[in-house]
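The residues making up each chain are set out below.
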Amino acid sequence: MEEKERPSFEEALKELELIVTQLENEEITLEDSVKLYEKGIELSKFCTEILEQAELRIEQVNEA
Amino acid sequence: MADQIPFLFDIPSVTELTGKIKSLLEQNFNDILVEGEASNVKQSANGHIYFTLKDSGAQLPCVIWRSTVQRSGINLTDGQQIVVGGDLQVYAPHGRYQLIVSLVQQAGIGKLQQAFEELKAKLKAEGLFEDIHKKPLPKFPAKIGVVTSKTTAAFQDIRSTLEKRWPLAEVQLYHASVQGINAAPEIVKGIEYFSSRNHVDVVIISRGGGSLEDLWPFNEEAVARAVFACEIPLISAVGHEVDFSISDFVADTRAATPTQAAVFATPDINEIKMLVEDLFRRVELNTKGAIQYFKDRISGLAKSHALLAVQQKMMHAKSDIHRLTDRLKHHTESLQKNRQSALIQLRHRLDKQNPNEPLEKGFVRVWQDGKWIRKAPDFDKENTTELEWYNSRVKLN
């Protein structure tokens, strides 16, 4: 995914959840379900990458 | 001082003055009772217990000698509201007075507690604790503001919990004293820092356990007002499980401990990993499901009545063709057989009818003008006659 269009983790997870909901709707066309599948796989990889690489950052914001 | 000190002969020395104070105090404050909160309780190596009895306005240094401790089994801890009895003693070398305690009893609500209850009642009446004001915590905080002292165990607990649970977060620490006279104003500044910038998703104000006196900044009205005014969801985590501070009541969420504050503020990364895995599997499963659905639909259509009827017609036609072909074949075969046997019979008959057969046996055929003379009336005596044997012919004149 491009850096500029990188969603936040929360946005990515929300979209992934939405895709699953749409996929679980049987009214969907085969063409759409293949598109959603590709997007869903991409998002789940993106989320997993964030989760696996996360490292807590700490910054002190005032002087003391 | 503008005025001259008058020249007098009876100016006392420090020792003399202190001696007067000592006798004055010790005589007037002998075997007295006093109520307050025990704080800074320490036991010396010699077994004496030193502590400060205090309320919001004053402090009284106290000592319980080891013999009294042993005799009465006193076990004091910080924050206990107590009534103590004893004698006031002035220790001249230090210029200090203290109460030599001979009796300790559990007291009712002490002065701080009273102040606590008064503020709590006041803010409750104003509606600051109402659920309607409580903001929900974010599910997936990207930035977490923490107001606490960076050197405390409380911050270490928050940090290690966040590292374990939600390392995706970025922690912004506003360092503030969490006890003493400066603490409340610093905590207020920290809350206002995050509230005004609005760049973190959740704010935690926290300190570890301690006496009521230690936790007191979180019971100050200024802190309570700042917590209430904070635009960002705020978690108050002050002291241990049993400690409730005014900030706990005003905060959007109260956590029993600093660790619990970090738990409330964040999701568990392991659960989220499982969730993403689950969603991933559902994406795969549902896509496969969709494909299977269309496959089933296609095979369903293939089995539909209309197509089946056509198929059956075709089958019938095929079997008709087959049957007819068989019949045709059979028919042709029997026809051929009949013809063959007819031919054989004909041959037989032909063989029997063979006009040459008699010749082979020695009979003679009579020919006139190229015609076989088969009957006597056909014979012309005058004409040329030809006789035929089996293998030769002879012409007669």
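Residues numbered from 1 in each chain as written. Chains lettered and ligands numbered in written order. Predicted model: local features only at pLDDT ≥ 70, side-chain atom pairs only at ≥ 80, totals over all residues. Heavy atoms only, no water.

A.B. asks: What exactly am I supposed to notice about the pairing of strand E9 (residues 234-238) of chain B here?
C.D. replies: Remark: a regular strand shows side chains that alternate across the two faces of the sheet. Residue and element names in this part refer to chain B. Of all 5 residues in E9, 5 are buried, a share of seventy percent or more. Here E9 shows a buried face lined by Leu 234, Ser 236 and Val 238 and a second buried face lined by Ile 235 and Ala 237. Here strand E8 (residues 202-207) pairs with E9 via 5 bridges, running parallel. Within the sheet, the bridge partner assigned to Val 203 lies in E9 and is Leu 234. Across 3 bridges, E9 lies against strand E10 (residues 253-255) in parallel orientation. Bridge assignment links Ala 237 to a residue of E10, and that residue is Ala 255. (Buried < 20%, exposed > 50% of the residue type's maximum accessible area, 1.4 Å probe, protein only. Helix = DSSP H or I, 4+ residues; strand = E, 2+ residues; numbered from the N terminus. Pairing = 2+ DSSP bridges.)

A.B. asks: Explain the interface of chain B and chain A to me, please; I cannot follow it from the model alone.
C.D. replies: Quoted interface sizes are often the accessible area lost when the parts come together. Listed per partner, the contact involves 34 residues of chain B and 33 residues of chain A. For the pairing of chain B and chain A, the buried interface totals around 3100 Å² over both sides, and the portion due to carbon and sulfur atoms is 68%. Looking at the side of chain B facing chain A, the largest losses of area belong to Leu 168, Val 276 and Val 283 of chain B, adding up to 17% of the total buried there. Residue Glu 52 of chain A is joined to Lys 273 of chain B by a salt bridge in which the shortest nitrogen-to-oxygen separation is 3.2 Å. In this assembly, chain B and chain A are joined by 13 residue pairs in polar contact (both at pLDDT 80 or more). Residue assignment for the side of chain B that touches chain A shows that the elements contributing at least two residues are helix H4 (153-165), strand E7 (170-175), helix H5 (183-197) and helix H10 (269-302) of chain B. Here the side of chain B that touches chain A is composed, by residue class, of 23 nonpolar, 4 polar and 7 charged. Both strand E1 (residues 57-60) of chain A and E7 of chain B contribute to a ladder of 4 bridges, which runs parallel. Pairing of Ile 58 of chain A across the sheet is with Val 171 of chain B, part of E7 of chain B. (Contact = heavy atoms within 4.5 Å. Buried area = accessible area lost by both parts, 1.4 Å probe. Salt bridge = Lys/Arg side-chain N within 4 Å of Asp/Glu carboxyl O. Polar contact = N/O pair within 3.5 Å; in protein donor to acceptor, adjacent residues only side chain to side chain. Nonpolar A, V, L, I, M, F, W, Y, C, P; charged D, E, K, R; others polar.)

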